[in-house]
Every structure is written in C-alpha cells, then in structure tokens.
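Chain residues, written in single-letter form:
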Amino acid sequence: MTDRKITCIVLGGSTNALGQIRAIHELGYKCINIVEKGTHDWSSKSRLCEGIISPHPFINKEATLRLLNSVISREKNKPFLFFASDDWMDLIGENEEEFRKKAYIPQSSWDKLSRLY
C-alpha cells in the first residue's frame, strides 16, 4: 500500500541517495531526489523517484534555495528532508529555522551538528 500523502525529498546524489530512495520507495512514500548536475547525478534517474537537477548547493546557494522552496511549496503536505551529501546539509543548516517551518528534518539541530563537525 502506498501513502502518497508523505513525500520524502532526498538532497544529494550517489549511492547514499540510492539507498535512501530505495528505502522510501519500499515504505510506499513519494520520493523526490534533488541533485546537482555532475558526476553523481545518476541517482535522480532512478525509476523509484522523481529526479530534479539543481544548481550546486555550495556554489550557487540562492538559485538552489529558490528551486528547493519551489519543490517544497508544490507539495500538499509538509515533506521530509533527507541528506545524501554534506553540501546539502550545510545549505539547509544555514537556513534551518526557515526550513523547519516548511519541512520535517529528521536529524539533530544544526547548532548541535556543526559543533560535532
């Protein structure tokens, strides 16, 4: 049974993203993979998710934030954000207060994570 009311957005590519995409699909949730164009963008081509190519979150932060906000705003319910790369985690962490209002982020706060780094 699929619960299309729950959307999970996997941010970043490579094998980390593919594992997350597969798990989300097996749970029956809607999955979107947003990944910057480059050598690891192949996860966005998985048949198990909707793939979206983004500007690089470290190099072009403003354009990446606009794209992510656009994707989040089209969802009827508050989506979950999962990270497959540090660049995406940094981008969301720098804007954590804004994103926690519009998405679930199932990890520790950026303040705690940045101290661990």
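In this text, all values refer to a predicted model and were calculated from it rather than measured experimentally.

I keep staring at the overall build of the protein chain and nothing clicks. Help me out?
Helix and strand counts for the protein chain come out as five helices and four strands. Secondary structure elements of the protein chain, listed N to C terminal, follow the sequence β-α-β-β-α-β-α-α-α. Evaluated residue by residue, the protein chain yields a buried proportion of 44% over its 117 residues. Considering only intrachain contacts with a sequence separation of at least 6, the fraction spanning at least 24 residues in the protein chain is 53%. When the accessible surface of the protein chain is totalled, it reaches about 6,800 Å², and 52% of it is carbon and sulfur.

Any chance you could explain the confidence of the model for the protein chain here in plain terms?
Summary statistics for the protein chain give a mean pLDDT of 89 and a share of 87% for residues scoring 70 or more. Confidence, expressed as mean pLDDT per element, reaches its minimum in the protein chain at helix H5 (residues 110-116) with 60 and its maximum at helix H2 (residues 61-73) with 97.

Would you explain the nonpolar core in this entry?
Nonpolar side chains tend toward joint burial in soluble globular proteins. Ile9, Leu11, Ile34, Leu81, Ile92 and Phe99 are the most contacted members of the largest nonpolar core, which has 18 residues in total. Those elements giving two or more residues to this core turn out to be strand E1 (3-11), strand E2 (29-36), H2, strand E4 (80-83) and helix H3 (86-94). Ignoring anything within four residues of it in the chain, the contact list for Ile34 reads Ile9, Val10, Leu11, Gly12, Ile52, Ser54, Leu67, Leu68, Val71 and Trp88. Residues Cys8, Val10, Ile24 and Cys31 belong to the second largest nonpolar core, which totals nine residues.

What's the story with the environment of Gly19 in this structure? I'm lost.
Tracing the backbone through its elements, the reader meets Gly19 in helix H1 (residues 14-27). Among the residues examined, Gly19 registers a relative accessible area of 34% and is labelled partly exposed. Remark: the alpha-carbon pair of Gly19 and Ala84, spanning 65 residues in sequence, is separated by 9.4 Å.

Is there a simple way to think about the side chain of Thr64 in this case?
Along the chain, Thr64 turns up in helix H2. With relative accessibility at 0%, the residue Thr64 sits in the buried group.

Conventions and cut-offs
Residues numbered from 1 in each chain as written. Predicted model: local features only at pLDDT ≥ 70, side-chain atom pairs only at ≥ 80, totals over all residues. Heavy atoms only, no water. Helix = DSSP H or I, 4+ residues; strand = E, 2+ residues; numbered from the N terminus. Buried < 20%, exposed > 50% of the residue type's maximum accessible area, 1.4 Å probe, protein only. Contact = heavy atoms within 4.5 Å. Areas by Shrake-Rupley, 256 points an atom, 1.4 Å probe, with all protein chains shown as cover. pLDDT = per-residue confidence, 0-100. Core = buried A, V, L, I, M, F, W, Y, C linked by side-chain atoms within 4.5 Å.

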